[in-house]
Amino acid sequence: MRKTITGTGGMLLVQTLKDAGVDYLFTNPGSAETGIFAALAETEDPRLVIGKHEGLVAAMADGYHRISGKVGVVIAHVMGGSWQLAGQLFNAQNAGSALLVVAGDWASELQDYRGLAPHPGLSQAETMRAITKDARAAYTVVAEPKAIPVATARALREATTPPTGPVYLSISASLLNREGLEAQIGDGAGYRIEPPAPARRETVETIARRLGAARCPVLMFGDDVWRGGAHAEAVRLAELLHAPVFPSRQVFVNFPNRHPLYCGMYPVSADFKKTTGLEPDLLFLVGCQGVHGAVSEPTVMQIGPNPVLMGRHYPLDLAAQCEVKGTLAALIDALPRVNGADAVSGWTRRREKVATYAKTLIEREEKLAREHEGDAVIHPAVLEAHLADVLPRESVVVQESSTARTALLPFGHGGMTWTRSGGGSLGFGVGAAIGAKIAVGRERPVICHLGDGALGYSAIGFWTMARYRTAMLIVVSNNESYQIVRHNWANQMPDSKMVRDGKYPGLTLGSPMVDYVGLARAQGVEGEQVTKVKDLETALRRGLERVTKDNRPYLLDVSVAREGVGADATWDQDWEL
């Protein structure tokens, strides 16, 4: 029902967001947005979640969106503050996260070079365009008050319509502060565009025939499987075909990683072919952006609601823009009908060794954990095994650590929820875990597992955890180095003197050592350091009890061994001022 609102531009904005069902605003407050905060002082709804850096705030909104399914709304600050969002807005764009960033704008014909504001000739919204949805979803409201609810509703629709992504809305600060403005607000705020429907019957049957005829079809389930609630259908399809599942880069676990048909990350390994005697001849991509790298299978099919990246890097034999859950359900029904009962039983017999291979991946990781159980320094596989023993299946895990191993933890359908950064820009984990905890409330434990390098980008987030009692277990895999960068350097230039001599400039983080427990405690979060395997399980259980029973965040700074090429390297440029 439509209604007429009279007040400041900030009031028009806040009321539009309330009508759209927005419960939280994530922000680091700024002066250009005075009208917004003045309106919130009168209504106290939506609730504010404060972070002390814009990047942290954007990550909080991203984590909240991913777990709740609702739009994450950020109140940013003019151009200078908005640019602080860049790394985490880049992550959100790559992940397809539905965020709305609103900022005041000090652009003026009467002033030049105002602090934090756009310089003459520049548009604040245009500067953010490259890190919004499809590099186009950035809007400006300058003078017309009626445009505030219109632009806000438009931005919310843009963020939530596939392909989803972040949207930036810049509103004149003078308009936000101005009294006596009038606009209509109502139905438009909640308006949504109907998403794609399931694929046509003819398309589904064509897919069914091709899958049925393939000797070894490979299945890849992407993040739109998670977003579309199609986890159960993904499992049923894989089990019906008895086909191996190989994910590519993903921000959710879209197929359970402990399932007997889960065969590790794409591309298909030589060990898989050797163990099973199968040569994959068809790749079926479901709800994913695509493969990050080369594709070797002779036939490739892809379905999903987002056509933007379909077939951009390799040809597709079949492509369909469609809703995932209904299409998979129709495909499961069509496969036996189109191919016949004998074919269905033949798929299981022909590919019976797929489960054998999948089992070796688990056994290999379990063996690694056993072999290192007595090490002086905690091996990442040992930490993984202890986490698998201690964490309840209803846990939500936010990961920002290349050191963290995950083969032994039951993620995906029927297990824990897991999410990670979309674009790899560090600083995601702490904020995302705060947003995830706000989304689930006290009902489910949240675990933030991140590396010491990543924590350095967002440690100010401990203050936000303490302020709002977003109780979570923070596990820091601390190896005093940027390990993933070292691995990448060695992979890219294996014959360089740097790699031969073990001299990796700038990658050692332990000189001086950072007291992460003290850093957290200074902001109101308790914790402890763990350096020995014998203390690990007790510390994990103690931390989890503090989180679940006392409703307080708790930090475990776990010293872990470095792995891979250059693991023993501690050299750095030795100089001081």
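So, here's what we can say about the structure. In this text the structure is predicted, and so the values were computed from the model without any measurement. (Residues numbered from 1 in each chain as written. Predicted model: local features only at pLDDT ≥ 70, side-chain atom pairs only at ≥ 80, totals over all residues. Heavy atoms only, no water.)

1. Remarks on the overall build of the protein chain
For step 1, the next point in the chain: In terms of regular secondary structure, the protein chain is built from 23 helices and 18 strands.
For step 2, the next point in the chain: For 577 residues, the compact-globule estimate of 2.2 N^0.38 gives 25 Å, and the C-alpha radius of gyration of the protein chain, at 25 Å, lies within 12% of that figure.
For step 3, the next point in the chain: Overall size of the protein chain, expressed as C-alpha extent along the three principal axes, is 75 × 65 × 50 Å.
For step 4, the next point in the chain: Across the 577 residues of the protein chain, 55% fall into the buried class.
For step 5, the next point in the chain: Residue pairs in contact within the protein chain that sit at least 24 positions apart in sequence constitute 75% of those at least 6 positions apart.
For step 6, the next point in the chain: For the protein chain, the accessible area works out to roughly 24,500 Å², and carbon and sulfur atoms hold 50% of it.
For step 7, the next point in the chain: For the protein chain, the separation between the mean place of its 59 positive charges and that of its 62 negative charges on side chains is 4 Å. (Helix = DSSP H or I, 4+ residues; strand = E, 2+ residues; numbered from the N terminus. Rg over C-alpha atoms; globule rule 2.2 N^0.38 Å. Buried < 20%, exposed > 50% of the residue type's maximum accessible area, 1.4 Å probe, protein only. Contact = heavy atoms within 4.5 Å. Areas by Shrake-Rupley, 256 points an atom, 1.4 Å probe, with all protein chains shown as cover. Lys, Arg positive; Asp, Glu negative; His and termini not counted. Charge placed at Lys NZ, Arg CZ, Asp CG, Glu CD.)

2. Considerations on helix α1 (residues 9-19)
Residues that lie three or four places apart on an α-helix share one face, since the helix turns once every 3.6 residues.
For step 1, the next point in the chain: Counted residue by residue, α1 has eight buried out of eleven residues, so it is predominantly covered.
For step 2, the next point in the chain: Positive phi appears at Gly-21, one or two residues downstream of α1, with a value of about 85 degrees.

3. Concerning the side chain of Gln-88
For step 1, the next point in the chain: Along the chain, Gln-88 turns up in helix α5 (residues 86-95).
For step 2, the next point in the chain: Setting aside its immediate chain neighbours within four residues, Gln-88 contacts Gly-55, Ala-58, Ala-59, Ser-425, Leu-426, Gly-427 and Phe-428.

4. Notes on the pairing of strand β5 (residues 99-105)
For step 1, the next point in the chain: With seven of its seven residues buried, β5 lies for the most part within the structure.
For step 2, the next point in the chain: Alternating positions in β5 separate into two faces, Leu-99, Val-101, Ala-103 and Asp-105 on one and Leu-100, Val-102 and Gly-104 on the other, with burial throughout.
For step 3, the next point in the chain: Pairing geometry for strand β4 (residues 72-76) and β5, over five bridges, is parallel. By the bridge assignment, Val-74 is partnered in β5 with Val-101. (Pairing = 2+ DSSP bridges.)

5. Considering the sheet that holds strand β13 (residues 396-400)
For step 1, the next point in the chain: Here we have six strands laid out as an open sheet, ordered β14-β13-β15-β16-β18-β17, and parallel in their pairing. In the strand order of this sheet, the two ends are held by β14 (417-420) and β17 (526-530), each with one partner. Averaged over all neighbouring strand pairs, the angle between strand axes comes to 15 degrees, with direction disregarded.
For step 2, the next point in the chain: Here β13 pairs with β14 via four bridges, running parallel. Opposite Val-398, over in β14, you have Thr-419 as the bridge partner. (Axes fitted to C-alpha atoms, helices over the stretch in contact; angles between N-to-C directions.)

6. Here's the deal with the sheet that holds strand β9 (residues 217-221)
For step 1, the next point in the chain: An order of β9-β10-β11-β12 is seen for the four strands of this open sheet, with the pairing classed as parallel. Both outer strands of the open sheet, β9 and β12 (318-321), are each paired with one neighbouring strand and no more. Ignoring strand direction, the axes of neighbouring strands in this sheet form an average angle of 10 degrees.
For step 2, the next point in the chain: Strand direction decides the pairing type here: β9 and strand β10 (residues 282-286), joined by five bridges, are parallel. From the neighbouring strand, Val-218 faces β10, where its bridge partner is Leu-283.
For step 3, the next point in the chain: Along the sheet face, helix α11 (residues 231-241) touches β9 and β10 and points at about 170 degrees away from the line of β9.

7. Considerations on the pattern of salt bridges
For step 1, the next point in the chain: Counted by the stated rule, this structure contains 21 salt bridges.
For step 2, the next point in the chain: Across the salt bridge formed by Asp-224 and Arg-227, the nearest N and O atoms sit 3.3 Å from each other. Of this pair, Asp-224 and Arg-227 both sit in helix α10 (residues 223-227), separated by three residues, roughly a single helical turn.
For step 3, the next point in the chain: For Asp-224, a relative accessible area of 18% puts it in the buried group.
For step 4, the next point in the chain: Note that Glu-363 is salt-bridged to Lys-359, the shortest N-O span being 4.0 Å. Of this pair, Glu-363 and Lys-359 both sit in helix α15 (residues 353-371), four residues apart, which is roughly one turn of the helix.
For step 5, the next point in the chain: According to the relative accessible area criterion, Glu-363 is partly exposed, its value standing at 37%.
For step 6, the next point in the chain: What makes Lys-359 exposed here is its relative accessible area of 54%. (Salt bridge = Lys/Arg side-chain N within 4 Å of Asp/Glu carboxyl O.)

8. Here we look at the packing of aromatic side chains
For step 1, the next point in the chain: As enumerated under the stated definition, the model contains seven aromatic pairs in all.
For step 2, the next point in the chain: Seen in terms of ring centroids, Tyr-24 and Tyr-64 are 5.6 Å apart; in terms of plane orientation they differ by 70 degrees. Their pairing is edge-to-face. With Tyr-24 in strand β2 (residues 24-27) and Tyr-64 in helix α3 (residues 54-68), this residue pair connects regions lying 40 residues apart in the sequence.
For step 3, the next point in the chain: The interplanar angle of 90 degrees and the centroid separation of 5.4 Å between the aromatic rings of Phe-272 and Tyr-357 together place this pair among those described as edge-to-face. A residue pair is termed long-range when its members are at least 10 positions apart, and Phe-272 in helix α12 (residues 270-276) and Tyr-357 in helix α15 qualify at 85 residues.
For step 4, the next point in the chain: The exposure class assigned to Phe-272 is buried, which follows from its relative accessible area of 0%.
For step 5, the next point in the chain: Taken together, the ring pairs in this structure connect Tyr-24, Phe-26 and Tyr-64 into an aromatic cluster.
For step 6, the next point in the chain: Cation over ring: Arg-154 sits above Tyr-139, and NZ or CZ is 5.1 Å from the ring centre. (Phe/Tyr/Trp six-rings, centres within 6.5 Å; stacked < 30°, edge-to-face > 60°. Lys NZ or Arg CZ within 6 Å of the ring centre and 35° of its normal.)

9. A look at helix α14 (residues 341-350)
For step 1, the next point in the chain: Burial in α14 covers these residues: Val-344, Gly-346 and Trp-347. The buried residues of α14 all sit within an arc of 160 degrees when viewed along its axis, so they share a single face. Those residues of α14 that are exposed and aimed more than 90 degrees away from the buried face are Ala-341, Asp-342 and Arg-349.
For step 2, the next point in the chain: The inward-facing, buried residues of α14 contact α9 (201-213), α11 and α13 (324-339). (Arc of directions from axis to C-beta.)

10. Focus: the nonpolar core
For step 1, the next point in the chain: Membership of the largest hydrophobic core comes to 55 residues, with the highest contact counts inside it found for Leu-211, Leu-219, Phe-221, Leu-237, Phe-272, Phe-284 and Leu-331.
For step 2, the next point in the chain: Counting residues per element, this core draws most heavily on α13, which supplies six residues.
For step 3, the next point in the chain: Excluding its chain neighbours within four sequence positions, the residues that come into contact with Phe-221 are Ala-234, Leu-237, Val-245, Gln-250, Asn-254, Phe-255 and Val-286.
For step 4, the next point in the chain: In this structure, Val-57, Ala-432, Ala-436 and Phe-462 belong to the second largest nonpolar core, which totals 49 residues. (Core = buried A, V, L, I, M, F, W, Y, C linked by side-chain atoms within 4.5 Å.)

11. Considering the packing of α3 against helix α17 (residues 429-440)
For step 1, the next point in the chain: Contact pair α3 / α17: the axes reach a minimum separation of 6 Å and the direction vectors enclose 40 degrees. For the element pair α3 / α17, the angle class is oblique. Pair α3 / α17 crosses with right-handed handedness. Residues Leu-56, Ala-59, Met-60, Gly-63, Tyr-64, Ile-67 and Ser-68 of α3 touch α17, and the partners they reach there are Val-430, Gly-431, Ala-432, Ile-434, Gly-435, Ala-436, Ile-438, Ala-439 and Val-440.
For step 2, the next point in the chain: Taken together, the residues that form the contact of α3 with α17 break down as twelve nonpolar, four polar and no charged. (Parallel < 35°, antiparallel > 145°, perpendicular 65-115°, else oblique. Left-handed = near helix turned anticlockwise from the far one by under 90°. Nonpolar A, V, L, I, M, F, W, Y, C, P; charged D, E, K, R; others polar.)

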